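# A look at the structure
Given next are the chains, with one letter for each unit.
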Amino acid sequence: MKMLERLREHAAAHPLRTALSGPDWQFSYGQLVSEVEQAIRQLCEVGTQVLAISMDNGPAWVILDIAALQLDICVVPLPGFFSSAQTQHTIRRAGVQGVATDDPDGLRERCGGMLQTGERTLEIGGQRVSWLKVQQDSCAPTAPLARVVHKVTFTSGTTADPKGVMLDWQQMRAVVESLVGAVGMAPDDRHLVLMPLAVLLDNIAGVYVALWAGAVVELWPLARIGLTGAAALNARLMVDALGRSRATTAIFSPQTLQGVVEQLEMHESSGLTLRFAAIGGAPVSPQLLERAARVGVPAYEGYGLSECGSVVCLNTPAQQRPGSVGRPLPHLQLSIADDGEVWVSGRGFLGYLGDADPHRAVWPTGDLGELDVDGYLFLRGRKRNVFITSSGRNVAPEWVERELVLEGAIRQAALFGEARPFNVAILVAAPDANVAQIDAAVERVNRTLPDYARVARWVRARSPFSVANGLLTGTGRIRRDALAQRYDRVIESLYSEALSS
């Protein structure tokens, strides 16, 4: 059963129940089925095997996505935070034949001549959507998509050329069904989307899960929920959207959660109705989770990978363990390799675009972690980020960084020490923190660490790490190469000063 069949079941039982809703519009399940069927007819008319979607959050995005799934058309989301080079690479690598967009002029500028002149207008969910064809000589052959691939999501990663992860509906459905059970999603829930729909996490774990359960998906334009530009957050608008939408579930990144928590701490009367808030995309401080609970945001940390359809593990009200990222979803199994790498088995993905040997019974995640006796996963860092000090000791920087951001004076941290006699850190401090407070915070953390992992010197960052300044990925992970390059002279000066003193 695909999503459209599931929607038809809901529509037959409760045709007037709200499926999609926004600030000034809504679609019932009966209307949503009708809109998807109309979109199917339009997609058949334009004729495409590989469809890219470049639009703001809204009904047209979801309707096109479901219509393409029904037709076995591959959807390639184009995140607004991708650079022009990344956008062009995505279109070329996936063999995109046409792009649906609500900003044709902006997209043409990003694509640099890859799109044909002229456009066709589609009517999707009450929105006028431009259909732009891709120049045939601008794309790779579609041979890698000869199998049925329903979605190719390109991970922002740390380079200009993201990797295309191929997913099919069977894998995505396994994630959806597991999450419906784990979260207890029900028809009376309202899920507010707090991420761009081009980000796999809220596309699958948010929209798909809510619609599969017969719940309401609240779809507000990104600017109305406080997200503008690459990653700027207006926490007041996000709290307002959470309250006005009467959302019961939402998915946050650590950045958006922190902004919302700080806003609620300043204004106690929130009126929020959240019963479950998932946190994903990057490591989150346990201290932030505690603060969230105190202001009425029941936040639960999870862990996911695009290769696993967005979610691998999740803490829930019924099953949670502080400090962990939860237990694996029912359709997946975890194991730990001899070197500490987390391996996932179960419903596998189809591979990367161009991968000659995509089928693997066990997927090496690249993350380091431990499983406790009850199956809860504790992450220790990225395998590729581990550096070796000049004394030969291995250090996973995320381990130390996570301890640092538990301190109130420190908001973000990045640790360096490859082939060096000691470690240094770039710290983003709280706005009101002074040097003495930061020194004291670092000293407290150092007392909990072995000597080879301690921070010997630190420097205050010139500005917070963000997607906008190129120091975070779209999911909130540190771009270490970019950060090292940006602060190269500062880092070298820390070591030079120590040697000369």
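Preceding this paragraph is the structure being described.
Before going into details, it helps to say that this report is about the structure given with it. (Residues numbered from 1 in each chain as written. Predicted model: local features only at pLDDT ≥ 70, side-chain atom pairs only at ≥ 80, totals over all residues. Heavy atoms only, no water.)

## What about the overall build of the chain?
The line we're drawing: Secondary structure follows DSSP: runs of H or I at least 4 residues long count as helices, runs of E at least 2 residues long count as strands, and numbering of each begins at the N terminus. Computation of the radius of gyration draws on C-alpha atoms alone. For the globule rule, the value is 2.2 Å times the number of residues to the power 0.38. The rule is simple: take the accessible area with a 1.4 Å probe, protein chains only, and divide by the maximum for that residue type; under 20% is buried, over 50% is exposed, in between is partly exposed. It only takes one pair of heavy atoms within 4.5 Å for two residues to be counted as in contact. Each accessible area is a Shrake-Rupley estimate made with a 1.4 Å probe; only the visible protein chains count as cover when residues are assessed.
Along its length, the chain carries 14 helices and 28 strands. Here the chain has a C-alpha radius of gyration of 23 Å; the compact-globule value for 501 residues is 23 Å, and the two agree. Overall, the C-alpha framework of the chain stretches about 75 × 55 × 40 Å when taken along its three principal axes. The buried share of the chain, reckoned over its 501 residues, is 56%. Taking the intrachain contacts of the chain between residues at least 6 apart in sequence as the baseline, contacts between residues at least 24 apart amount to 64%. Looking at the chain as shown, the accessible area adds up to about 20,600 Å², and 49% of this sits on carbon and sulfur atoms.

## Considering the sheet that holds strand 27 (residues 423–429)
Note the following rule: Here a strand pair is declared whenever DSSP counts at least two bridges between the two strands. For every element, the axis is a line fit to its C-alpha atoms; helices are fit only across the contacting stretch, and the angle between N-to-C directions ranges from 0 to 180 degrees.
As summarised here, the arrangement of the three strands in space is 26-27-28, forming an open sheet in which the pairing is mixed. The two strands at the open ends of the sheet, each matched to only one other strand, are strand 26 (410–416) and strand 28 (455–460). Put simply, the sheet's adjacent strands are angled 30 degrees from each other on average, direction ignored. The pairing of strand 27 with strand 28 spans five bridges and is classified as parallel. When the bridges of strand 28 are listed, Asn423 appears paired with Val455. Set on the sheet, helix 11 (residues 397–404) makes contact with strand 26, strand 27 and strand 28; between it and strand 26 the angle comes to about 155 degrees.

## A look at the packing of aromatic side chains
This is how the line gets drawn: Each pair of aromatic rings taken from Phe, Tyr and Trp, with Trp reduced to its six-membered ring, is defined by centres within 6.5 Å and is described as stacked if the planes are under 30 degrees apart, edge-to-face if over 60, and tilted in the remaining cases. In this scheme, Lys NZ or Arg CZ marks a charge over a ring once it lies within 6 Å of the ring centre and within 35 degrees of the ring normal.
Scanning all chains against the criterion turns up six aromatic pairs. Aromatic pair Trp169 and Trp212: ring centres 5.8 Å apart, planes at 55 degrees, arrangement tilted. Of this pair, Trp169 sits in helix 6 (residues 169–183) while Trp212 sits in helix 7 (residues 200–213), and the two are 43 residues apart along the sequence. Trp212 matches Trp169 in its accessibility class, with the two residues each being buried. Here the aromatic residues Trp169, Tyr208 and Trp212 are joined through ring pairs into a cluster of three or more. Over the aromatic face of Tyr495 sits the side chain of Arg420, whose NZ or CZ is 4.2 Å from the ring centroid. Just above the ring of Tyr487 sits the side chain of Arg462; from NZ or CZ to the centre is 4.3 Å.

## Focus: the environment of Thr153
Within the secondary structure, Thr153 sits in strand 8 (residues 151–155). Along the backbone, Thr153 and Leu167 are 14 residues apart, and their C-alpha atoms lie at a distance of 8.0 Å. If we skip the residues at most four places from it in the chain, Thr153 touches Lys163, Gly164, Val165, Leu167, Leu200 and Ser306.

## Things to note about the pattern of salt bridges
To be explicit about the condition: Salt bridge criterion: a side-chain nitrogen from Lys or Arg within 4 Å of a carboxyl oxygen from Asp or Glu.
Taken as a whole and judged by the stated rule, the model has 25 salt bridges. Of the charged contacts, one joins Glu5 and Arg8 as a salt bridge, the two residues approaching to 3.7 Å between their closest N and O atoms. Linking Glu5 with Arg8, this pair stays in helix 1 (residues 3–13), spanning three residues, or about one helical turn. Residue classification places Arg8 among the partly exposed residues on the basis of a relative accessible area of 35%. Salt-bridge contacts for Arg190 lead to Glu218; the nearest nitrogen and oxygen are separated by 2.5 Å. Residue Arg190 is located in strand 10 (residues 190–192), and its partner Glu218 is located in strand 11 (residues 216–218); the two are separated by 28 residues in the primary sequence. Counted as one network, the salt bridges with shared partners bring together Glu5, Arg8 and Glu37.

## Focus on the side chain of Asn203
Note the threshold: As used in this structure description, the phrase polar contact means that two N or O atoms lie within 3.5 Å; if the pair is within protein, one of them must be able to donate a hydrogen and the other to accept it, and residues adjacent in sequence are counted only when both atoms belong to side chains.
With respect to the helices, strands and loops of the structure, Asn203 is situated in helix 7. Of the polar contacts made by the side chain of Asn203, one reaches the side chain of Asp65; its length is 3.3 Å.

## Describing the pairing of strand 6 (residues 120–124)
Side-chain positions along a regular strand alternate between the two faces of the sheet. Pairing between strand 6 and strand 7 (residues 127–133): five bridges, direction antiparallel. If you follow Arg120 over to strand 7, its bridge partner there is Trp131. Connecting strand 6 to the next strand, strand 7, in antiparallel fashion are two residues, including Gly125 with a positive phi near 55 degrees.

## A look at the sheet that holds strand 1 (residues 18–21)
Ordered in space as 2-1-11-10-14-15-16-17-18, the nine strands form an open sheet in which the pairing is mixed. Strand pairing shows two members of the sheet lacking a second neighbour, strand 2 (26–28) and strand 18 (327–328), which therefore form its edges. Where strand 1 lies against strand 11, two bridges are found, and the strand directions are parallel. Among the inter-strand pairings, Leu20 is bridged to a residue of strand 11, identified as Val217.

## With respect to the state of the cysteines
Spelled out, the test is: Our working definition of a disulfide is a cysteine sulfur pair at a distance within 2.5 Å.
Per the stated rule, a full pass over the model turns up zero disulfides. Looking at the unpaired Cys313, the closest cysteine sulfur is the one in Cys308, lying at 9.2 Å. Given the relative accessible area of 0%, Cys313 is considered buried.

## Some words on the pairing of strand 4 (residues 74–77)
Put simply, the test is: When the strands point away from the viewer, a crossover counts as right-handed if the path from the first strand over the helix to the second runs clockwise.
Residue alternation in strand 4 divides its side chains into two sets, Cys74 and Val76 and Val75 and Pro77, and both sets are buried. Two elements, strand 3 (residues 50–54) and strand 4, share four bridges in a ladder whose sense is parallel. By the bridge assignment for strand 4, Ile53 is matched with Pro77. Of the crossover connections in this fold, the one passing from strand 3 over helix 3 (residues 59–70) to the parallel strand 4 is right-handed.

## Structural notes on unusual backbone geometry
Of note, Asp72 is a non-glycine position whose phi angle comes to about 60 degrees, a positive value. One can find Asp72 in the loop between helix 3 and strand 4. Of note in the backbone geometry, Ser310 takes a positive phi value of approximately 100 degrees without being a glycine.

Geometric descriptors of this kind do not, in isolation, establish any biological role.
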